[in-house]
Amino acid sequence: MTEQANRAISLSLRVGELLLASGEATENVTGAMRAILRTYGLRHVETDVNLSAITLSHVPDDGRPAVTAERRVRRRQPDYDRLVALQTLVGEITRHKLPVGMAQERLRGMSRRPSVYPGWLVVTGLASVSSSAAMLNGGGPAVAGAAFVATVLGDRTGVWLARRGVAEFFQLAVAALIGTLIAVLMIWREMPVPASAVVVGAVVALLPGRPLVACVQDGIAGEYVTATARLTEVVFIVAAVVSGIGAMLALAVKVGVPITVDDTPTAPLSLAVPQVAGAFGLGLTFAVALRVPPRHLLAGGLGGGLVWICYVMAVRWDLPKVMAAMLAAAVIGLLGNAWARRVRVPPMVFVIPAIGPLLPGSALYRGMLKLSLGDLSAGMRNLVEALSIALGIGTGVILGAEALRAVRRREGVRRIRPASRSTRGY
């Protein structure tokens, strides 16, 4: 194999690794890698992308030895600014056939550049997600402030545990426990505020909205191995959050804190200013936490407000909450993908921040509280409802994207998309 071909394979592997680490779906990672390889004349290459490793295998037709290369994805952290830059680089490679050396140099500079936001601003954005969610669920300024403090404490504690080698499962459990602890203390002190909204806010900041959407997208695209891995990741994240909430609620009930089911907050199905502002703020701050480029932050906030309006209207039409969440997510999936095509960025930049107001933090908290109070059947119903809403959100987002794909005009000659082949499961 020539030096040019080896460098092209190395470039493709590195681009795929960074795309997957930044939060891109498996189908899009595979497509980007194949596009790069085709650009440099390598057409008989098989790619295997899973959640932690990428493998390329090149088998030449002329009898030369086959080449197989692999790259591990050691750290996955959502960084949508880098995702946008990577997509731009892939587009320039495929359209203008950049020399491999120039493309590799661009890629090295991209991987070394600092984050678009300083660390303290990302933490502030994550904490502001909790504040916005608390406001959305009927909490006032005091509750929003408490949710902010709880998330900062949980995040910093998680960082402290990570530096000591503690697994992420326990980091998430401790973060959820801290948010619940602050709410329990507010209830114990009989503060005249909906203290449980603090828990909901802290939980929303921890829920795996991005992995859930990627899981459903991979499953629909036929990437079943990666979809199963992502689903397992989602289950463990939710289990960690539920464990933290449940442990603190069980302790609070044991020591006699007067917690009742009446304490559980539910977001008012209202289009009043506090709720719409909370949804807008949730989308905007989620975008900051996901490191969305500054020029696209406003779109994330507008998407959060729009998805809440669609959800409230759907519930008012007497749709079940699961169907209402799926419909609202489908709307934002359709519009987000359409706008992403217009401005040439990955759809996740707009879609993932926007679904924040739909994440079922209230149902999770209510389910764990009922379990702690001994009402097992009602608690399990609430937990199943939360899971159903979460899956409905992921399905709705992909449904919107597929609807746009079905009606848009095909641009030139396109390769058949693997997910569109009719197999009927055979």
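Residues numbered from 1 in each chain as written. Predicted model: local features only at pLDDT ≥ 70, side-chain atom pairs only at ≥ 80, totals over all residues. Heavy atoms only, no water.

Asks: How should I be thinking about the nonpolar core in this particular structure?
Replies: What tends to happen in soluble globular proteins is that the nonpolar side chains get buried as a cluster. If you look at the biggest cluster of nonpolar residues, it comprises 119 residues, and the most contacted ones within it are Tyr 40, Val 198, Ile 245 and Ile 259. Among the elements that take part in this core, helix H1 (residues 3-22) stands out by supplying 10 residues, more than any other. If we skip the residues at most four places from it in the chain, Ile 259 touches Val 184, Ile 187, Leu 249, Ala 252, Tyr 365, Leu 369 and Leu 373. (Core = buried A, V, L, I, M, F, W, Y, C linked by side-chain atoms within 4.5 Å. Buried < 20%, exposed > 50% of the residue type's maximum accessible area, 1.4 Å probe, protein only. Helix = DSSP H or I, 4+ residues; strand = E, 2+ residues; numbered from the N terminus. Contact = heavy atoms within 4.5 Å.)

Asks: Even after reading the chapter, I still don't get the layout of surface pockets, so can you show me in this structure?
Replies: To find leftover empty space, one rolls a probe the size of a water molecule over the atoms. Roughly 1,400 Å³ of internal volume is contained in the second largest pocket. Gln 77, Pro 78, Asp 155, Glu 168 and Leu 172 are the residues nearest the centre of the second largest pocket, which is lined by 40 residues in total. Of all elements in the fold, only helix H5 (119-136), helix H6 (141-163), helix H7 (168-188), helix H8 (196-206), helix H9 (209-220), helix H10 (224-254) and helix H11 (273-289) reach the threshold of two or more residues within the lining of the second largest pocket. It is H6 that provides the largest number of residues to the lining of the second largest pocket, a total of eight residues. (1 Å grid on protein atoms, 1.4 Å probe; cavity = no way out; pocket = protein on both sides within 12 Å on 5 of 7 lines; lining within 4 Å. Points joined across faces, edges and corners; volume = space filled by probe spheres on them.)

Asks: I tried to follow the packing of aromatic side chains on my own but got confused; where do I start?
Replies: Each aromatic ring pair is described using two quantities: the centre-to-centre distance and the angle formed by the ring planes. Enumeration over the complete set of coordinates arrives at three aromatic pairs. Each ring, one from Trp 308 and one from Tyr 311, has its centre 5.7 Å from the other, and the planes form 40 degrees; the classification is tilted. Here Trp 308 pairs with Tyr 311, and both are found in helix H12 (residues 297-316), just three residues apart, close to one helical turn. Accessibility classification places Trp 308 together with Tyr 311 in one group, the buried group. A connected cluster of aromatic rings, assembled from ring pairs, spans Phe 169, Phe 170 and Phe 236. (Phe/Tyr/Trp six-rings, centres within 6.5 Å; stacked < 30°, edge-to-face > 60°.)

Asks: I would appreciate a short explanation of the pattern of salt bridges in the present structure.
Replies: Pairs can form between side chains of opposite charge once their charged atoms are near each other. Counted by the stated rule, this structure contains eight salt bridges. Taking the shortest distance from any N to any O, the salt bridge between Asp 155 and Arg 156 comes out at 2.6 Å. With a relative accessible area of 41%, Arg 156 lands in the partly exposed category. (Salt bridge = Lys/Arg side-chain N within 4 Å of Asp/Glu carboxyl O.)

Asks: How do you make sense of H9 when you look at a structure like this?
Replies: Working note: α-helix, 3.6 residues per turn, so residues spaced by three or four point in the same direction. Taking 1.5 Å of rise per residue, the 12 residues of H9 would be expected to cover 16 Å, and the 17 Å separating its terminal C-alpha atoms lies within 8% of that figure. Among the 12 residues in H9, 10 count as buried, and that is most of the element. Looking at the packing, one finds that the buried side of H9 touches helix H2 (26-39), helix H3 (80-96), H10, helix H14 (348-354) and helix H16 (376-407). The positive-phi residue at the C-terminal boundary of H9 is Gly 222, with phi of around 90 degrees. (Expected span 1.5 Å × (residues − 1).)

Asks: Sorry if this is basic, but what is going on with the packing of H9 against H10 here?
Replies: Angle between the axes and distance between the axes: these two values describe a pair of packed helices. Where H9 contacts H10, the axes come no closer than 8 Å and their chain directions differ by 155 degrees. It follows from the interaxial angle that H9 and H10 lie roughly antiparallel. Considering only the axes of H9 and H10, their crossing is left-handed. In this structure, H9 uses Pro 211, Leu 212, Ala 214, Cys 215, Asp 218 and Gly 219 to contact H10, whose residues at the interface are Tyr 224, Thr 226, Ala 227, Arg 230, Leu 231, Glu 233 and Val 234. Its residues assigned to classes, the contact of H9 with H10 shows eight nonpolar, two polar and three charged. (Axes fitted to C-alpha atoms, helices over the stretch in contact; angles between N-to-C directions. Parallel < 35°, antiparallel > 145°, perpendicular 65-115°, else oblique. Left-handed = near helix turned anticlockwise from the far one by under 90°. Nonpolar A, V, L, I, M, F, W, Y, C, P; charged D, E, K, R; others polar.)

Asks: Whenever I open this one, a nonpolar patch on the surface confuses me. Can you help?
Replies: Together, Leu 271, Met 313, Trp 317, Leu 319, Met 323 and Leu 327 make up an exposed nonpolar region whose accessible area comes to about 540 Å². Accessibility expressed as a relative area gives 41% for Met 323, which makes it partly exposed. (Patch = residues over 30% accessible without salt bridge, like charges linked within 9 Å, V, L, I, M, F, W, Y side chains within 5 Å. Areas by Shrake-Rupley, 256 points an atom, 1.4 Å probe, with all protein chains shown as cover.)

Asks: Help me understand the confidence of the model for the protein chain, please; the structure alone is not making it clear to me.
Replies: Note: predicted coordinates in regions of low pLDDT should not be interpreted at a detailed level. Taken as a whole, the protein chain shows an average pLDDT of 84; of its residues, 93% reach a score of 70 or greater. Of all secondary-structure elements in the protein chain, the lowest mean pLDDT belongs to helix H15 (residues 361-372), at 77, while H12 reaches the highest, 92. (pLDDT = per-residue confidence, 0-100.)

Asks: Honestly, the sheet that holds strand S1 (residues 45-49) in this entry has me stumped. Any pointers?
Replies: Backbone hydrogen bonds are what pair the strands of a sheet, in a parallel or an antiparallel way. Across the sheet, three strands lie side by side as S1-S2-S3; this open sheet has antiparallel pairing. Single-partner strands in this sheet number two, and they are S1 and strand S3 (67-72). In this sheet, adjacent strand axes meet at a mean angle of 10 degrees when their direction is disregarded. Pairing between strand S2 (residues 53-58) and S3: six bridges, direction antiparallel. Bridging from a neighbouring strand, Ala 53 pairs with Arg 72 of S3. Those strands touched by H1 are S1, S2 and S3, and its axis lies near 155 degrees from that of S2. (Pairing = 2+ DSSP bridges.)

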